[in-house]
Amino acid sequence: MTASTLAENFLSVTKGQMENIQNVAFRGNWKGDSEDGNFIHFIQWKSHFDDVLSQHLETAPGNAKIQKSKYFSVLVDETADISGTEQLSICIRYVSESDNFEIHKDFLGFCPLLKQDSESITKAIIEQLSKWGLHVSLLRGQGYDGASNMSGRLSGVQKRIQELQPRALYTHCRSHALNLVVVHGCTDVPIVRNTMTLIEKVAVFFSAGTRKHKLQDILQEQGSDDGPRGIPLMFDTRWGSRIKTLSAFISKLEPTHSALQEIESDCTHNSEKASRLRNSTESFDTIITSVVTQNVLGYTWPLTLKLQSPNVDLSSAYKEGRQVAEVIESLRNDEERFCKIYQQAVQLANTIGVTPVKKRIVVKQQHRGNVPAQSIAEHYRLNLFIPFIDHVTNELRTRLAESTEPALLAAYLVPEALPQISEERENRLLA
């Protein structure tokens with residue numbers, strides 16, 4: 001994407017969006033009449049933005065530090081501009097000798113993307129690097145998300161670039177891998193998937209309009225600790241948003257339930273939907289699944305903060321991942337811990353008048369766990385708690401496995417990591 005095209009896209013922003021740019025208010029008539037000088041000022045600002053971005057795209061690749069470092073890695077992500085045009089954002093990672101061998105990551109610019117297949121993306125990356133004076137022969141690393149067109153082992157972008165430069169090792173973003181652990185954990189276990197879908201519907205229902213104000217008014221009346229805010233929306237690409245949405249749903253279950261009851265009794269076009277959501281939230285399945293999911297996934301929160309740290313390296317990332325998997329797995333046979341989680345769910349259910357009911361065991365059951373149990377608590381431990389823990393730990397070990405990361409071996413050559421080189425790792429390094 002050229003600087004001119006990017007700047008042109010800013011012409012389509014709304015007045016409200018314009019007021020947020022550089023915190024400068026956009027006052028006057030948005031139509032740009034001759035009596036209003038603000039539109040003229042915006043055109044002048046757009047021209048200045050065009051010049052600055054053009055200079056950045058032309059000078060950034062010629063940065064002396066990048067050229068002097070010689071070798072580099074490329075980080076690429078697909079995105080869309082305000083007009084919906086697909087493009088690639090390209091960053092370069094390199095070691096700066098002049099800065100005590102510190103690792104730098106510089107954003108170089110955007111690249112227009114006509115097609116989203118792996119062949120077109122590969123061609124665009126190579127051509128853009130060449131345009132910036134960065135040769136593929138010096139490329140030593142690639143970093144993309146887990147999309148098949150990017151990370152595919154047979155014909156993905158990483159494979160195509162490795163055919164041109166075999167030393168350009170591909171590394172899947174560790175934070176994104178953790179995101180997939182959470183996303184899959186919340187979708188591959190049926191009862192967890194259904195509960196997360198319901199919570200997402202509740203969040204969307206209260207995200208705008210009079211419904212949002214209704215919930216905010218009730219929260220304010222009850223003196224909510226975090227103010228009158230509602231339930232944040234969740235996004236698949238940001239696993240932290242799931243934890244925040246889940247936690248907000250649990251902490252605000254009673255006021256949310258009250259808001260749904262009031263909307264249901266208002267006899268408006270939202271009443272029927274509010275009734276369905278209220279009935280679903282009154283299920284003990286929903287309540288205990290929310291509490292179990294929050295408690296289990298809560299152990300991954302420190303890991304995501306660690307993975308986002310600028311000082312994290314591959315070896316520590318994998319070490320942290322294994323430790324989190326071990327901690328979560330230790331909960332599997334911790335009946336005392338589950339008893340506390342179960343009691344938390346019972347107390348939460350009591351706030352909206354819900355009583356736990358023992359599930360009926362049938363010969364064939366496809367939509368929920370069906371393992372025989374002597375009590376209600378044991379039913380949820382065998383059919384929810386243990387299966388969810390097993391799935392999350394398996395996902396963590398699979399997606400953060402050392403054997404899947406060739407670049408991890410090189411990380412053990414760092415002086416402070418040398419003591420961790422086992423005989424097996426040494427043999428792999430010498431192979």
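Remember, predicted model here, so these are calculated numbers, not experimental data. (Residues numbered from 1 in each chain as written. Predicted model: local features only at pLDDT ≥ 70, side-chain atom pairs only at ≥ 80, totals over all residues. Heavy atoms only, no water.)

**Some thoughts on the overall build of the chain**
Assigned secondary structure in the chain consists of 20 helices and five strands. Counting only residues that meet the buried cut, the chain has 42% of its 431 residues in that class. Here the analysis covers contacts within the chain between residues at least 6 apart in sequence; of these, 63% occur between residues at least 24 apart. With the model as given, the accessible surface of the chain reaches about 23,200 Å², and the carbon-plus-sulfur share is 50%. (Helix = DSSP H or I, 4+ residues; strand = E, 2+ residues; numbered from the N terminus. Buried < 20%, exposed > 50% of the residue type's maximum accessible area, 1.4 Å probe, protein only. Contact = heavy atoms within 4.5 Å. Areas by Shrake-Rupley, 256 points an atom, 1.4 Å probe, with all protein chains shown as cover.)

**As for the confidence of the model for the chain**
On average, residues of the chain carry a pLDDT of 76, and 72% of them reach 70 or more. Mean pLDDT across the elements of the chain ranges from a minimum in helix α2 (residues 15-20), with 40, to a maximum in helix α17 (residues 335-350), with 95. For the stretch residues 49-62, pLDDT sits under 50, and the model shows 24 contacts to residues farther than four places along the chain or on other chains. (pLDDT = per-residue confidence, 0-100.)

**A short note on the pairing of strand β1 (residues 72-80)**
Here β1 pairs with strand β4 (residues 139-144) via four bridges, running parallel. Residue V74 lies in a different strand from β4, and its bridge partner there is Q142. In the sheet, β1 pairs with strand β2 (residues 86-96) via eight bridges, with the strands oriented antiparallel. Note that in β2 the partner of L75 across the bridge is C91. (Pairing = 2+ DSSP bridges.)

**Let's talk about the sheet that holds strand β3 (residues 102-112)**
Pairing is mixed across the open sheet formed by five strands, whose spatial order is β3-β2-β1-β4-β5. Whereas interior strands pair on both sides, the edge strands pair on one side only; in this sheet they are β3 and β5 (169-172). Along the sheet, successive strands turn relative to each other by an average axial angle of 25 degrees, direction set aside. Direction of pairing for β4 relative to β5: parallel, over a ladder of four bridges. Its bridge partner being in β5, Q142 is matched across the sheet by Y170. Contacting β1, β2, β3 and β4, helix α5 (residues 118-131) runs over the sheet at an angle of about 50 degrees to β2. Running at roughly 175 degrees to β4, helix α7 (residues 157-164) makes contact with β4 and β5 of the sheet. (Axes fitted to C-alpha atoms, helices over the stretch in contact; angles between N-to-C directions.)

**Digging into the pattern of salt bridges**
Under the counting rule described, the total for this entry stands at seven salt bridges. Of the charged contacts in the structure, one is a salt bridge between R278 and E282, with a shortest N-O distance of 2.9 Å. Of the charged contacts, one joins R397 and E329 as a salt bridge, the two residues approaching to 3.0 Å between their closest N and O atoms. With R397 in helix α18 (residues 376-399) and E329 in helix α16 (residues 314-330), this residue pair connects regions lying 68 residues apart in the sequence. Taken together, the salt bridges that share partners define one network made up of K214, E262 and D266. (Salt bridge = Lys/Arg side-chain N within 4 Å of Asp/Glu carboxyl O.)

**Brief notes about unusual backbone geometry**
Here the phi dihedral of C267 falls at roughly 55 degrees; this positive angle occurs in a residue that is not glycine. Classification of C267 as exposed rests on a relative accessible area of 70%.

**A closer look at the packing of aromatic side chains**
Applying the stated rule across the entire model yields seven aromatic pairs. Seen in terms of ring centroids, Y144 and Y170 are 5.7 Å apart; in terms of plane orientation they differ by 25 degrees. Their pairing is stacked. With a gap of 26 residues between them, Y144 in strand β4 and Y170 in strand β5 connect regions that are remote in the sequence. Y144 sits in the buried class, given a relative accessible area of 2%. Consider the rings of F284 and Y342, whose centres lie 6.0 Å apart with planes at 80 degrees: the pair is edge-to-face. Of this pair, F284 sits in helix α14 (residues 284-297) while Y342 sits in helix α17; the two residues are 58 residues apart in sequence, bridging distant segments of the chain. For F284, a relative accessible area of 6% corresponds to the buried category. (Phe/Tyr/Trp six-rings, centres within 6.5 Å; stacked < 30°, edge-to-face > 60°.)

**Considering a nonpolar patch on the surface**
Side chains of V95, F101 and I103 sit close together on the surface and give an oily, nonpolar patch of about 320 Å² of accessible area. Looking at the secondary structure, you find V95 in strand β2. (Patch = residues over 30% accessible without salt bridge, like charges linked within 9 Å, V, L, I, M, F, W, Y side chains within 5 Å.)

**Let's talk about the pairing of β2**
Counting buried positions over the 11 residues of β2 gives eight, a clear majority of the element. Relative to β3, β2 runs antiparallel, the two sharing 10 bridges. Residue pairing across strands places Q87 opposite P112, the latter belonging to β3. Between β2 and β3, which pair antiparallel one after the other, the connecting turn spans five residues, and N100 there sits at a positive phi close to 55 degrees.

**Structural notes on the side chain of T289**
In this fold, T289 is placed in helix α14. The exposure class of T289 is buried, given its relative accessible area of 0%. Separated by 2.6 Å, the side chain of T289 and the backbone oxygen of D285 make a polar contact. In contact with T289, not counting residues within four places along its chain, are I191, V192, T195 and L384. (Polar contact = N/O pair within 3.5 Å; in protein donor to acceptor, adjacent residues only side chain to side chain.)

**Focus: α17**
For α17, with 16 residues, the first-to-last C-alpha span of 22 Å sits near the 22 Å given by 1.5 Å per residue. For α17, every residue scored as buried is listed here: F338, I341, Y342, A345, V346, L348 and A349. For α17, the angular spread of buried residues about the axis comes to 165 degrees, placing them on one side. Facing away from the buried side of α17 by over 90 degrees, the exposed positions are E336, K340 and Q347. (Expected span 1.5 Å × (residues − 1). Arc of directions from axis to C-beta.)

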